[in-house]
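Coordinate inspection notes
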Amino acid sequence: MQTGLADIFGLIIGFLLTLMVLSYIIGDNFLFRLAMAIFVGVASGYAAVLVIYNVLWYQLIVPLLTNPTANLALTIPSALLGIWLLTKGSSRLARFGNPVLAFLVGVGAATAVGGAIFGTILPQFNASTNLLNLQYASPDGAGLVSWFIKGLVILVGTLVTLAYFHFGVRSQGEGSLPQRHPLIENFLAPAGQAFIAVTFGVLFAGVYAAALGALIDRVRFVLDIILRFL
Amino acid sequence: MTDILCPVCGKPNPPEAETCQFCQAPLKTSAFTPDFDEESDLPDWLRSLNADQNAFPVTSPAEEPSNVPDWLSSIGGETKEKEQPPSEAPAEPAQEQPDWLTDLTKDQPVEPLSADLPVWLSEQAPAPATPLSDEKQDWTDGWTSGEQAAEQQAEGEPSPSVPAFTFDAFEEPEKPTASESESGDMEGPLSTLPDWVADVTAEESEAEGGEDEAALAPAQLPSWLEAMRPAESDQPSTPTEDLSGASAESSGPLIGLRGVLSAEPINIRMRRAAAYSLKLRVTDEQKQRVALLEQLLADEPKPKALPAAPVITAQYVFRLLIALALLLPVIWAVASNGRLTPLPDASARPGVMAMYNLVERLPADAPVLVAFDYEAGYSGEMDAAASAVLEHLLGRGASLALVSTSATGPALAERFMANLNQQPERVNNPYTNYANLGYIPGGSIGLYSLAKSPRQSLPYDLQGVDVWASGPLSSVNGIADFSLVLVLVSDPETARAWVEQVGPTLRQDGAVLAMVASAQTAPLVQPYFSGNPRQVEALISGLAGGGAYENASASNGPARRVWDAYSLGLVVSVFVILVGTALDVTYKALLPGKKGK
């Protein structure tokens, strides 16, 4: 494998920046803050270059130049809306960009809501109803018990978690405070709370595992650079 | 008996009364007798006037009835008739005097009227036939009182040095003028003087004013006038208010009087505004407080130096110990490059097996869309998790189209492919059947657009090549034309956006969506994989999933190289957590007072 001079400088810079970030172990210091500033600046510059080069040029201008007849109806409105949105950069002309911003927000909200309904809620509702459906069990019956237990745990966990978030109260008569239903208050809600706690624990474990993976990658990188130059 | 009319208040009094029972004015001192030596000196009309005085119930003696001329007697009778009430009997003639009057005249010493009248009186004397009015009766009363004063002087009683009736009384400082007297402003007997007498009085006073005023003392007043003074002669029958302490009226018509209601209310009385000093009077205590406030304000903008935190604290030491406890095993495991711990079993992971089967079922040169939607910080984990999958795909001859909804995604994709080609077996045969289509702007909207028309969303790759015109992607017109859509994601929201925006289109057309998720994202993607039907057909979670896939594919990828360090690091982490929890529980158990802090 041939290594160019740029790659060598890249490795050295990466090595130094990694050490600067790892210096946070001994506390907040100038090297750590400098590394953070460099990362922010590099990321912003890279994003700007990417947008100009990959989006504006190859997704807007080049299609218009290469095949203007086919792409005119799509690129011209996009370009006009994009230029119109630039008015938000000026405090004096910002109000003129409200229609474009409203269009973006409206389309984005419609897309998100439609995706949530047809991509998450309805499919997950359908999947929950089929948890104990034998039609989706193994045809040969292998692992049927585990399949049933798994489906039962998921079903119970879903129900008790939803019950935990049911905060409706019922009047208990004169002189007494409204209270949740005893079944929810004493059984379902605590069970749901337990499932939520397990979920948060799993999420924390996943975050920790991801961070540990990143740490191992950086340690391996540092050792690799050290061993390479030694 | 005939009552005696009070010369002051005009109310009747019994004959034996010496003072008025109503106003306490002396009744007998009001008699006036002209100080003439002989009655012969008087003119006829004046003598007749004296005789007429006897017709009135006065205390002073009058002339004898025999000396009263007829005309005067007739006038007196008429006057008496006028004073009688209508219900009484007709008045008697003047010659027929009542008994009481006769007695009175007898008691009084009769002095002859002097015939030597003064010139002025002679000149001013009216005709005898002129009837006397009530006013004339009044001034004759004064004359009789003067006569009585003379008698009192003769009897040795103290009497004023001047006649009881004198015209000088009109020359008091506040006395009205002759014209005012005519208008009736004067009260008492003198106020009813006829005009001619008033004129004479004025002339006489002018002629003898200076001499008489010098002779008269201000306090020597006529007795009858002295009797009118309430402060000296009248003693109040009822207790009166002591007005000595009352404030005297200072303005208005009642000026100088005490105990009267002020004509000008106090609140509207003009007075000079109170003068207030413009200089603020500040006490010493207030000065001290002001100085303290100024000091506080002056010190406020000054930055206060924070207390220097100790460099080495228990927390700092504890953090270093934890870091060393994690780093040392990891460094040792990475440096040793050992194979101490086996890779996870893929068969125990349905997601990994599903992924493996998907890749195995792909036809040759199958177009596969790979999304690098993770951040650079997760590249170590994601590279190890996805390396075996992509290497498997490339080994199967799949044509990869690399996209990303993250700005750093295209660069990470390039780096990822470069790392794959740096493997020793790929140095001479690098993977080239992929196209980096770059960045998908717009987030969820961009994904929705990509699902509807990949060609219009990403017409060129990063090198500006139209990959849709020729090559393996030329057969792709929609998202469902990809044999597999593989998403490498580290963010749960991004994973959900792929499922929600692209998933329905893929399921509609029978395409497959698979994910390689970070360990922190996999729990949230798991429901999409575990449900029936599956929204995500295959799922590899984190470094453990990548290791399981390497184990299934029998490859020696990055997951294998870091798996020992990863396993050891997890064990150490669990140990640190357990030790820390045990120490915390023990500390709180030994020190109950610290509980809750």
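Please refer to the structure higher up on the page.
Residues numbered from 1 in each chain as written. Chains lettered and ligands numbered in written order. Predicted model: local features only at pLDDT ≥ 70, side-chain atom pairs only at ≥ 80, totals over all residues. Heavy atoms only, no water.

Observations concerning the state of the cysteines
Across all of its chains, the model carries zero disulfides over all chains by this definition. No disulfide involves C20 of chain B; its nearest neighbouring cysteine sulfur is the one of C9 of chain B, lying 3.3 Å away. (Disulfide = S-S within 2.5 Å.)

Let's talk about the packing of aromatic side chains
Under the criterion given, the structure shown has 11 aromatic pairs over all chains. Seen in terms of ring centroids, F372 of chain B and Y374 of chain B are 6.1 Å apart; in terms of plane orientation they differ by 50°. Their pairing is tilted. As far as the burial class goes, F372 of chain B and Y374 of chain B line up, both buried. Following the ring pairs from residue to residue traces out a cluster consisting of Y53 and Y58 of chain A together with Y460 of chain B. It is R218 of chain A that lies over the ring of F221 of chain A; its NZ or CZ is 4.6 Å from the centre. (Phe/Tyr/Trp six-rings, centres within 6.5 Å; stacked < 30°, edge-to-face > 60°. Buried < 20%, exposed > 50% of the residue type's maximum accessible area, 1.4 Å probe, protein only. Lys NZ or Arg CZ within 6 Å of the ring centre and 35° of its normal.)

Some details on the pairing of strand β8 (residues 538-541) of chain B
Residues in a regular strand project their side chains so that they alternate between the two faces of the sheet. Residues and elements named next belong to chain B. Bridging between strand β7 (residues 513-517) and β8 involves four bridges; their strand directions are parallel. By the bridge assignment for β8, M515 is matched with L539. Considered for its hand, the β-α-β crossover made up of β7, helix α17 (residues 522-530) and β8 is right-handed. (Pairing = 2+ DSSP bridges. Helix = DSSP H or I, 4+ residues; strand = E, 2+ residues; numbered from the N terminus. Right-handed = clockwise from strand over helix to strand, strands pointing away.)

Focus on the interface of chain B and chain A
Facing the 61 residues of chain B at the interface are 52 residues of chain A. At the boundary of chain B with chain A, total buried surface from both sides reaches about 4,400 Å², with 67% on carbon and sulfur atoms. Linking chain B with chain A are zero salt bridges, by the criterion used here. Linking chain B with chain A are 16 residue pairs in polar contact (both at pLDDT 80 or more). Top contributing element to the side of chain B that touches chain A by residue count: helix α10 (residues 314-336) of chain B, with 10 residues. In terms of residue class, the side of chain B that touches chain A is made up of 34 nonpolar, 19 polar and eight charged. (Contact = heavy atoms within 4.5 Å. Buried area = accessible area lost by both parts, 1.4 Å probe. Salt bridge = Lys/Arg side-chain N within 4 Å of Asp/Glu carboxyl O. Polar contact = N/O pair within 3.5 Å; in protein donor to acceptor, adjacent residues only side chain to side chain. Nonpolar A, V, L, I, M, F, W, Y, C, P; charged D, E, K, R; others polar.)

Some thoughts on the nonpolar core
With 76 residues, the main nonpolar core has L393, L486 and M515 of chain B as its most contacted residues. Per-element accounting of this core gives the leading share, eight residues, to helix α12 (residues 379-395) of chain B. Setting aside its immediate chain neighbours within four residues, L393 of chain B contacts V359, L362, V368, A398, L400, L484 and L486 of chain B. Residues A209 and L223 of chain A together with L343 and W563 of chain B belong to the second largest nonpolar core, which totals 19 residues. (Core = buried A, V, L, I, M, F, W, Y, C linked by side-chain atoms within 4.5 Å.)

So, the sheet that holds strand β6 (residues 484-489) of chain B
Residues and elements named next belong to chain B. Strand order in the open sheet formed by six strands is β5-β4-β3-β6-β7-β8, with parallel pairing between adjacent strands. The sheet is open, and its two edges are formed by β5 (434-439) and β8, each paired on a single side. Shown here is a sheet whose adjacent strand axes are inclined to one another by a mean of 15°, direction ignored. Across the sheet, α17 touches β7 and β8, and the angle it forms with β8 is around 165°. (Axes fitted to C-alpha atoms, helices over the stretch in contact; angles between N-to-C directions.)

A few points about the pattern of salt bridges
Residues and elements named next belong to chain B. If you walk through the whole model with that rule in mind, you get 12 salt bridges over all chains. A salt bridge links E493 to R496; its shortest N-O distance comes to 2.8 Å. Taken together, the residues E493 and R496, both in helix α16 (residues 492-508) and three residues apart, mark about one turn of the helix. Note on E493: relative accessible area 47%, which makes it partly exposed. A salt bridge links R560 to D564; the nearest nitrogen and oxygen atoms lie 3.1 Å apart. One end of the pair is R560 and the other is D564, both in helix α19 (residues 558-590) and four residues apart, which spans about a single turn. The exposure class of D564 is buried, given its relative accessible area of 7%. The structure contains a network of salt bridges with shared partners spanning E493, R496 and E500.

With respect to the environment of R396 of chain B
Residues and elements named next belong to chain B. If you trace the backbone, R396 turns up in the loop between α12 and β4 (399-404). R396 gets classed as partly exposed once you look at its relative accessible area, which sits at 32%. Linking R396 and A366, residues 30 residues apart in sequence, is a C-alpha distance of 8.7 Å. Apart from the residues within four sequence positions on either side, R396 is in contact with V359, E360, L362, P363, A364 and D365. At 2.7 Å, the side chain of R396 forms a polar contact with the backbone oxygen of E360.

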